[in-house]
Amino acid sequence: MDVKRLPVVCLVATSLLLLPGCLPQEGEEGNQLEESDLTIAMIGEFKFQDTTDPITAHKSTGFHAVKEEFERLHPGVTIDFVIMPWNNYVPNTQAMIAGSQADVYQMPGVNDFAAQGLLEPLQPYIEEDAFDLSVYHDNLVEGWMTFGPEDDDLQIYSLPVLGDGRFIQYDKELFEQWGVEPLSDYPTVEEVMEKAKQMTGENPVTGEQNYGIYFAGTHDTALTATNFMEGFGGEWGTGQRWEEIELNFDSEEMEQALHAMMELSHYMPRSFVNGQGNDRWLTPSNNIAISVNQGNGNMKPIYAQELEDRFPVVQTFKNAEGVGSMFSGSPFAIGETSQNKDLAWEFIKFSSSEYFQRFLWEEWGSTPVIKEAVEWESIQEMELMTPVLEAMTNAVTPRYPWASSQPRYILQAKIEGALTGTLSVEQALKEAQAESTEWIHSR
Amino acid sequence: MKTGVEMPANVQTRRNKSIKSTLSWYVFLLPTFLGVACFIVYPVFESFRLSFYNSNGTIETWVGLTNYQRVLSQGAFWNAVYNTFYIAFFQLLLAIPIGFILASMINRINRFKSVFKVMFFLPNVTSIVAAAMIFMFVLQPEVGLINHVLDTLGLPTSPWLSDPGTSKWGVILLTIWHWIGFVIIICLANLQAISPELYEASEIDGATGFQQWLFITIPNMAGTFAFLIIMGWISGLQRFQEIFVLGGAGGSPGRSLQTMVALIYERGFGGFEFGIASAITVLLFLIILLFTVLNIKLTRLKL
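As recorded by an unreviewed UniProt entry, chain B carries the name Sugar ABC transporter permease and is attributed to Alkalicoccobacillus plakortidis. Its UniProt record gives chain B a comment under Subcellular location (unreviewed entry), which states: "Cell membrane".

Chain A appears in an unreviewed UniProt entry as Extracellular solute-binding protein from Shouchella hunanensis.

The following block contains the structure:
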């Protein structure tokens, strides 16, 4: 071979070798976008293939079953799932939607995406199909309503698919050892504080160091404080669109809330500020009596260890109307650029079916969002799910509009400042209010 | 009509060959150039462009220098700059001398030299994310290893990451532990390159071991120190992963750990403020550029 041509020949050969690697591989998970009729983007631990949980040894059927079922119901249709982790789900979703990589998106940050005009309004589909929204648990559809760029009123851009709720949980065994009455189903802040104080110190039975209460001083601090504030009858503020929002971060109730949290910090492990110190929570050697702002992820380890009788669930702090705490979970939304919107709508309807909701719950442990779930044997077997399902229906809806924006980071930083003694309560809240308001006005 | 001087045929052929050969190699380099253009040049210019817009990722509005004005007037930005410099400064101040001393000791021993090299270098090959997760427990104030050791020795313990006053020192400990192996290996490479004749001559003159270290070894290490300082500053100013693990994007507690890159992440992906995030990115770029030039001048490093 002519040596002069060697580089060119090598380049062509390399390109030929690399090219097949760039093409979609038949049968490979989430890699058939060009050939698909419908692509669903989901977030979480879900898998396309069957798997076995390393903790519970529970075998889960993969999403291939959903694919087969939906394709059976819609002959000629091909659907694919793109499953991403919770870690960095916001930028990942943003990247996917910017590249029109899916038709239906699991979208916990629906407010931000709808405001960018990236989502299809669902009301016309609902009306055309006379779709019955009452299949969902109360409060859930309202909770996900938000504004598109042109809307004057809250609109439906997404419908619930995965349930979630915030609740308070306590260790019944520690309560008994300390001789303290169990928490009531709807505890007040005062009740929780009083009982937490009684259970800090050397356990009278085991002699171990116990802590009365726990909340993580990082990440969710702003949401925990807001729930304490609701327990004192306060409200985060008013408005849903940025131009209408008025915050109450420096309200009297918020001050009460932060004072309560500071007092409770004496009954918690020293490292709570850094989200540590609760390593034994939900285990047989637990040393914390009460934990606030808990989530649905707790159910799996509790039942796996057969500790369901030891860790009862009660509701978060509620205001006079019986409402309180962050509305959470995930809905499904249709991307504005989807080429298969009608089919995407069919999938959203399918996601509210008993089949799909049962699949998510029984195979993957996701809390169902439809009312009929309370009748399922698999739900009734797990008594703790009853208050968990209730918690979804009495959260503050629509979501706190500032929960995924700067005001949350600002409030979090200031509350952490107060909890670590670098700021006074009044100063922290005053600064949080001023900085957040300034941010809203200048955005 | 022909103009100019006509070249001999053999010269023309040689030139053609040379052009062809050059072209072939440029074709060979094309994929790399394309990669650089797509993944380095374009993002840099796009980030610079975005810094003049109010952008949530899809909707963009021209705002001129407003983003810079907003960023520079915010306490959170200057706090992030302070945190970044604080951690980087103390990491360099402690890791380079300690690393050099350890390298000098390893260089003097005859047995187990490789064992020590491997032992000290192991942290550097560990993922910083994994190391940070381990350090969460090492620095745990109640049951963490460091406080346990301090307590056993009768020394005062620290809340480490649970207090804004000490959290940065927790990170400094982690970064020193992680980086020191690299410092040792680089220092060892230079130590072994110093001519033994210098030491032999000094021995004849009656110099002690310490004097040799002070007057021969250290001056000959100047280039290595300059290299470590510049590389250390650049990576220190880009610090993110360990901060994100230990304190989240917000740099908990109370923004005490928030670095400039963490602030970029918070503003960009925590609230879709891509214009603001880009403005901080440009400012970070300018700071790194300024510092690198300054460091090169001060350390007189020849590139």
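Attention shifts here to the overall build of chain A. Each helix and strand in chain A was counted, giving 17 helices and 14 strands. A compact globule built from 443 residues should have a C-alpha radius of gyration of about 22 Å, and chain A, at 25 Å, falls within 12% of that. Over its C-alpha atoms, taken along the principal directions, chain A stretches across nearly 85 × 65 × 50 Å. Within chain A, the fraction of its 443 residues that count as buried is 56%. The long-range fraction of contacts in chain A, counting pairs at least 24 apart against all pairs at least 6 apart in sequence, stands at 73%. Carbon and sulfur atoms make up 49% of the accessible area of chain A, which totals about 18,900 Å².

Here we come to the nonpolar core. In this structure, Phe63, Leu159, Ile290 and Phe347 of chain A are the most contacted members of the largest nonpolar core, which totals 139 residues. Setting aside residues no more than four positions away along its own chain, Ile290 of chain A makes contact with Ile168, Gln169, Tyr170, Phe175, Leu183, Val192, Lys195, Ala196, Met199, Gly212, Ile213 and Tyr214 of chain A. One finds Phe77, Trp233, Ala262 and Ile287 of chain B within the second-largest nonpolar core, a separate group that totals 59 residues.

All names here are of chain B. UniProt's feature table lists "transmembrane region" (unreviewed entry) at residues 23-45, 85-106, 118-139, 169-191, 212-234 and 274-296, given in the numbering used throughout. Structurally, residues 118-139 is divided into 86% helix and 0% strand, and its ends, taken at the C-alpha atoms, are 24 Å apart. Here residues 212-234 runs as 96% helix and 0% strand, with 32 Å between its end C-alpha atoms.

Quick look at the pairing of strand β6 (residues 158-162) of chain A now. Every other side chain in a regular strand lies on the same face of the sheet, so the side chains alternate between the two faces. Residue and element names in this part refer to chain A. The element β6 is extensively covered by neighbouring structure, given that 5 of its 5 residues are classed as buried. Pairing of β6 with strand β14 (residues 330-334), which is carried by 4 bridges, proceeds in the antiparallel orientation. Within the sheet, the bridge partner assigned to Leu159 lies in β14 and is Phe332.

With that settled, the discussion passes to unusual backbone geometry. Along the chain, Thr397 of chain A connects to Pro398 of chain A via a cis peptide bond; the corresponding omega equals -10 degrees. Assignment of secondary structure puts Pro398 of chain A in the loop between α15 (385-393) and α16 (406-419). Positive phi outside glycine occurs at Trp160 of chain B, with the angle close to 45 degrees. Relative to the helices and strands, Trp160 of chain B is located in the loop between α6 (145-152) and α7 (167-193). Given the relative accessible area of 11%, Trp160 of chain B is considered buried.

Below, the discussion takes up the pattern of salt bridges. Under the defined criterion, the tally for this structure stands at 26 salt bridges over all chains. The residue Asp80 of chain A makes a salt bridge to Lys67 of chain A at a minimum N-O spacing of 3.7 Å. A residue pair is termed long-range when its members are at least 10 positions apart, and Asp80 of chain A in strand β4 (residues 79-84) and Lys67 of chain A in helix α2 (residues 64-73) qualify at 13 residues. For the pair shown, Asp80 of chain A and Lys67 of chain A are each scored as buried. The partner of Glu60 of chain B in a salt bridge is Arg49 of chain B, with the nearest N and O atoms 3.2 Å apart. Of this pair, Glu60 of chain B sits in strand β2 (residues 60-62) while Arg49 of chain B sits in helix α1 (residues 9-50); the two residues are 11 residues apart in sequence, bridging distant segments of the chain. Residue classification places Glu60 of chain B among the partly exposed residues on the basis of a relative accessible area of 36%. We classify Arg49 of chain B as partly exposed; its relative accessible area is 29%. Each member of the salt-bridge network shares a partner with another, and the members are Lys67, Glu71 and Asp80 of chain A.

At the junction of the two partners, chain A supplies 38 residues and chain B supplies 37 residues. When chain A packs against chain B, close to 3,100 Å² is buried across both sides, 55% of that on carbon and sulfur atoms. For chain A, the biggest contributors to the area lost against chain B are Arg270, Asn274 and Tyr409 of chain A; these three give 19% of the whole. Linking chain A with chain B are 0 salt bridges, by the criterion used here. Run the count over chain A and chain B and you get 11 residue pairs in polar contact (both at pLDDT 80 or more). When residues of the side of chain A that touches chain B are traced back to their parent elements, those giving at least two are α1 (6-22), α3 (89-98), α4 (110-115), α16 and α17 (425-442) of chain A. Residue contributions to the side of chain A that touches chain B peak at 7 residues, all from α16 of chain A. Each residue belonging to the side of chain A that touches chain B can be placed in one class, and the counts come to 16 nonpolar, 16 polar and 6 charged.

Moving on, we get to the sheet that holds strand β13 (residues 313-315) of chain A. The strands making up a sheet associate through hydrogen bonds between their backbones, and the pairing can be parallel or antiparallel. All names here are of chain A. The 5 strands are arranged β8-β9-β12-β7-β13 in an open sheet whose pairing can be described as mixed. One side of each edge strand has no neighbouring strand; the edge strands of this open sheet are β8 (201-202) and β13. Both strand β7 (residues 167-170) and β13 contribute to a ladder of 3 bridges, which runs antiparallel. Directly across from Ile168, in β13, lies its bridge partner Val314.

The next thing to look at is the side chain of Asn296 of chain A. Residues and elements named next belong to chain A. Within the element layout of this structure, Asn296 appears in the loop between β12 (288-294) and α11 (299-304). A polar contact of 3.4 Å, which involves the side chain of Asn296, links it to the backbone oxygen of Gly163. Setting aside anything within four residues of it in sequence, one finds Asn296 in contact with Gly163, Asp164, Gly165, Phe167, Thr367 and Val388.

Residues and elements named next belong to chain B. Checked against the element boundaries, Ala249 lands in the loop between α11 (241-247) and α12 (260-269). Here the alpha-carbon distance between Ala249 and Lys17, two residues 232 residues apart in the chain, equals 56 Å. Excluding its chain neighbours within four sequence positions, the residues that come into contact with Ala249 are Phe244, Gln258, Ala262, Tyr265 and Glu266.

Residues and elements named next belong to chain A. Across the 5 residues of β14, 5 count as buried, placing the element largely inside the fold. Residue alternation in β14 divides its side chains into two sets, Ser330, Phe332 and Ile334 and Pro331 and Ala333, and both sets are buried. Relative to β14, strand β5 (residues 104-106) runs antiparallel, the two being bridged by 3 bridges. Looking across to β14, one finds that Tyr105 is bridged to Ala333.

Rules and cut-offs
- Residues numbered from 1 in each chain as written.
- Chains lettered and ligands numbered in written order.
- Predicted model: local features only at pLDDT ≥ 70, side-chain atom pairs only at ≥ 80, totals over all residues.
- Heavy atoms only, no water.
- UniProt positions renumbered as here; feature names shortened; annotations may be inferred.
- Helix = DSSP H or I, 4+ residues; strand = E, 2+ residues; numbered from the N terminus.
- Rg over C-alpha atoms; globule rule 2.2 N^0.38 Å.
- Buried < 20%, exposed > 50% of the residue type's maximum accessible area, 1.4 Å probe, protein only.
- Contact = heavy atoms within 4.5 Å.
- Areas by Shrake-Rupley, 256 points an atom, 1.4 Å probe, with all protein chains shown as cover.
- Core = buried A, V, L, I, M, F, W, Y, C linked by side-chain atoms within 4.5 Å.
- Pairing = 2+ DSSP bridges.
- Salt bridge = Lys/Arg side-chain N within 4 Å of Asp/Glu carboxyl O.
- Buried area = accessible area lost by both parts, 1.4 Å probe.
- Polar contact = N/O pair within 3.5 Å; in protein donor to acceptor, adjacent residues only side chain to side chain.
- Nonpolar A, V, L, I, M, F, W, Y, C, P; charged D, E, K, R; others polar.

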